[in-house]
Amino acid sequence: MHMKELPATVRRISDECRKLGLERGDVVMVHVSLRTVGPVLGGADALTDGILDAIGADGTMMVYVGCDSPFDDVGRGICTREEEAFILEHCPVFDPQSSRACREFGAFAELFRTRPGVRCSNQVSSRVAAIGAKADVVLAMTSLDYSLGKGSPLEDLCEENGKLLLLGSDLDHVTLLHYAEALAPIGDKRVVHIRVPLNVDGKREWVDIAEFDSMIGIRMWEDRFFAHTMEKFIGAGHASAGAVANAQSHLFRARDLIGFAIPVMVDAAKQLDASARLKETDRKR
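Because the structure is predicted, anything quoted here is derived from the model rather than measured.

Calculation notes
Residues numbered from 1 in each chain as written. Predicted model: local features only at pLDDT ≥ 70, side-chain atom pairs only at ≥ 80, totals over all residues. Heavy atoms only, no water. Axes fitted to C-alpha atoms, helices over the stretch in contact; angles between N-to-C directions. Helix = DSSP H or I, 4+ residues; strand = E, 2+ residues; numbered from the N terminus. Parallel < 35°, antiparallel > 145°, perpendicular 65-115°, else oblique. Left-handed = near helix turned anticlockwise from the far one by under 90°. Contact = heavy atoms within 4.5 Å. Nonpolar A, V, L, I, M, F, W, Y, C, P; charged D, E, K, R; others polar. Buried < 20%, exposed > 50% of the residue type's maximum accessible area, 1.4 Å probe, protein only.

Here's the deal with the packing of helix 1 (residues 10–20) against helix 3 (residues 43–55)
One can describe the packing of helix 1 onto helix 3 by two numbers: an axis separation of 8 Å at closest approach and a directional angle of 45°. As the angle between them shows, helix 1 and helix 3 are arranged oblique. Crossing hand, helix 1 versus helix 3: right-handed. Contact with helix 1, carried on its side by Val10, Ile13, Ser14, Cys17 and Arg18, involves Ala46, Leu47, Asp49, Gly50, Ile51, Asp53 and Ala54 of helix 3 and no other residues of that element. Of the residues belonging to the contact of helix 1 with helix 3, the class tally is seven nonpolar, two polar and three charged.

Some details on unusual backbone geometry
Here Ser69 and Pro70 are connected by a cis peptide whose omega angle stands at 10°. Mapped onto the secondary structure, Pro70 falls in the loop between strand 2 (60–64) and helix 4 (81–90). The residue Asp188 is not glycine, and still its phi comes out positive at about 55°. Residue Asp188 is classed as exposed on the basis of its relative accessible area of 72%. Even without glycine at this site, Asp201 takes up a positive phi of about 55°. Assignment of secondary structure puts Asp201 in the loop between strand 6 (191–200) and strand 7 (203–212). Residue classification places Asp201 among the exposed residues on the basis of a relative accessible area of 80%.

Functional significance is not addressed by these values, which are geometric in nature.
Printed below as a string of structure tokens:
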């Protein structure tokens with residue numbers, strides 16, 4: 001077999017993650033672009049093996065997996081009345097442990113979710129999968145409301161002094177920034193009320209859930225606001241950077257990002273409010 005390039009190995013992945021600063025016993029949430037990472041001998045499973053080798057048996061790996069459409073579509077305003085009526089009549093029950101990951105999160109989310117030993121939180125659109133020594137701790141949230149905020153796996157990640165590992169992933173898709181949105185002292189946060197099909201006492205029931213809007217954001221942020229926030233964070237020297245396989249990667253502590261992002265969000269909200277007041281003044285003239 002002729003290879004254009006030698007694929008990365010489990011040992012190489014582990015060594016490069018450690019070089020970034022991943023340590024034994026770490027709790028780490030991982031975002032992956034498999035295409036950017038490039039060829040790995042053994043595929044996505046070997047990539048996971050390398051990360052798990054770096055954090056050891058005492059470590060814990062988390063991946064944001066969410067849910068596939070249309071389990072959390074009803075109530076978001078993205079479907080017509082006819083479409084919502086069809087979903088309400090025909091959509092099967094969502095099972096936190098067996099339902100597929102969100103396709104938009106990339107292939108790695110589903111490949112990780114189905115790995116032996118991985119378990120998932122009970123949430124729907126904000127579902128997290130984890131494996132390792134503290135998986136039970138970070139998956140313990142039982143509330144379905146505001147499941148990216150207080151009491152969530154994202155808060156547990158911060159409480160455990162956990163880290164984020166970005167392996168070539170889009171900086172606009174850093175899930176932890178939704179936790180910063182939940183904590184930020186900003187008024188008039190956008191809230192959505194959705195309905196999800198769950199198994200309640202052996203029967204399908206549509207359960208009402210309230211959550212901060214994670215699709216558009218708690219405010220009408222500028223395009224790629226999360227990516228711009230991450231670029232500022234990385235540019236300020238808060239993250240280590242280096243290659244893991246073919247992917248330019250970053251590693252940083254979750255708490256550091258929250259502490260950085262909240263003031264950025266507060267300032268951005270103030271600017272939006274000031275702009276809205278100016279437009280209202282101009283309209284009344």
